[in-house]
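Coordinates in review
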Amino acid sequence: MSIDTVYTITSKATGGGRDGQVYSDTGQIDLDLRPPKEMGGSGEGSNPEELFSAGYAACFLGALRATAEKSGVKPPEGTEVKVTIGIGKDSADGGFGLTAAIDVTLPGLDQETADKVAETAHGFCPYSKATKGNIEQKVTAHV
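Residues numbered from 1 in each chain as written. Predicted model: local features only at pLDDT ≥ 70, side-chain atom pairs only at ≥ 80, totals over all residues. Heavy atoms only, no water.

1. Looking at the sheet that holds strand β1 (residues 11–16)
Strands sit in the order β1-β2-β3 across an open sheet of three strands; the sheet is antiparallel. Of all strands in the sheet, those bounded by a partner on one side alone are β1 and β3 (30–32). Across this sheet, the average inter-strand angle for adjacent strands is 15°, counted without regard to direction. With three bridges connecting them, strand β2 (residues 19–24) and β3 associate as antiparallel partners. Of the residues in β3, the one forming a bridge with Gln 21 is Asp 32. (Pairing = 2+ DSSP bridges. Helix = DSSP H or I, 4+ residues; strand = E, 2+ residues; numbered from the N terminus. Axes fitted to C-alpha atoms, helices over the stretch in contact; angles between N-to-C directions.)

2. Topic: the nonpolar core
Counting residues in each nonpolar core, the largest one holds 23 residues, and the members touching the most others are Tyr 56, Phe 60, Leu 64, Val 83, Ile 102, Val 104 and Leu 106. Sorting the residues of this core by element identifies α1 (48–70), β4 (80–89), β5 (96–105), α2 (111–124) and β6 (136–142) as the ones contributing at least two each. Per element, the largest residue contribution to this core is six residues, and it comes from α1. With sequence-adjacent residues up to four places away left out, Tyr 56 is seen in contact with Val 83, Ile 85, Ala 100, Ile 102, His 122, Cys 125, Tyr 127, Ser 128, Thr 131 and Gln 137. (Core = buried A, V, L, I, M, F, W, Y, C linked by side-chain atoms within 4.5 Å. Buried < 20%, exposed > 50% of the residue type's maximum accessible area, 1.4 Å probe, protein only. Contact = heavy atoms within 4.5 Å.)

3. Considerations on the pairing of β2
One ladder, built from six bridges, connects β1 with β2; its direction is antiparallel. Bridge pairing links Lys 12 to Tyr 23 in β2. In textbook terms, the turn of a hairpin is the stretch between consecutive antiparallel strands, and for β1 and β2 this stretch comprises two residues, one of which, Gly 17, has a positive phi near 75°. Connecting β2 to the next strand, β3, in antiparallel fashion are five residues, including Gly 27 with a positive phi near 85°.

4. A few points about the environment of Gly 27
Considering the arrangement of structural elements, one finds Gly 27 in the loop between β2 and β3. Owing to a relative accessible area of 49%, Gly 27 belongs among the partly exposed residues under this scheme. Considered as a pair, Gly 27 and Asp 4 are 23 residues apart in the sequence and their alpha carbons are 25 Å apart.

5. Section: the pairing of β5
Where β4 lies against β5, 10 bridges are found, and the strand directions are antiparallel. The residue bridging Val 83 from the neighbouring strand is Ile 102, located in β5. Once β4 ends, the chain turns through six residues before running back antiparallel as β5, passing Gly 94 with a positive phi of about 80°. Note that β5 and β6 share seven bridges and pair parallel. Counterpart to Thr 99 in the pairing with β6 is Glu 136.

6. With respect to the packing of aromatic side chains
Each pair of aromatic rings is reported with the distance of its centres and the angle of its planes. Considering all chains together, one arrives at three aromatic pairs under this definition. A centroid spacing of 5.4 Å and a plane angle of 40° characterise the contact between Tyr 56 and Tyr 127, whose relative ring orientation is tilted. In this pair, Tyr 56 is assigned in helix α1 and Tyr 127 in helix α3 (residues 126–131), connecting sequence segments 71 residues apart. Within the aromatic cluster, the residues linked to one another by ring pairs are Phe 52, Tyr 56 and Tyr 127. (Phe/Tyr/Trp six-rings, centres within 6.5 Å; stacked < 30°, edge-to-face > 60°.)

7. Quick notes on the packing of α1 against α2
Taken N-terminus to C-terminus, the directions of α1 and α2 make an angle of 115°; their axes are 8 Å apart at the nearest point. When the axis of α1 is compared with that of α2, the two are roughly perpendicular. Between α1 and α2 lies a crossing whose hand is right-handed. Mapping the contact onto sequence places Tyr 56, Phe 60, Ala 63, Leu 64, Ala 66, Thr 67 and Ala 68 in α1 and Val 117, Ala 118, Thr 120, Ala 121, His 122 and Phe 124 in α2. Residue classes in the contact of α1 with α2 are distributed as 10 nonpolar, three polar and no charged. (Parallel < 35°, antiparallel > 145°, perpendicular 65-115°, else oblique. Left-handed = near helix turned anticlockwise from the far one by under 90°. Nonpolar A, V, L, I, M, F, W, Y, C, P; charged D, E, K, R; others polar.)

Here you go:
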């Protein structure tokens, strides 16, 4: 794959990683991170999975709009994308792994068209391409 890069952003993490801080060079992100309660933390901050799910959802929605319009389907009012990121033990190597559930809502479209629009976006989205084959991904379209 050859990428003609048009934008870069750098962020840094300090402190204890999942129990520390993250900052972007633009200053738009300046957050305390804390492990969620489910992982033994206080839950009183954001976490890498929350940030990943937000970025993935925004990226996927952009990909969906671009690919739908290119194929002649206007995304209806109320179109939304929810991405649920899961983290858990990876039984293969004893480390941790991620899952991604991508729920696309396209109100007013027929199910066949909605499924096609969602799958096309999944093939186009940079986050989907970056994680394909690396994490379990499930795309579901709702009308």
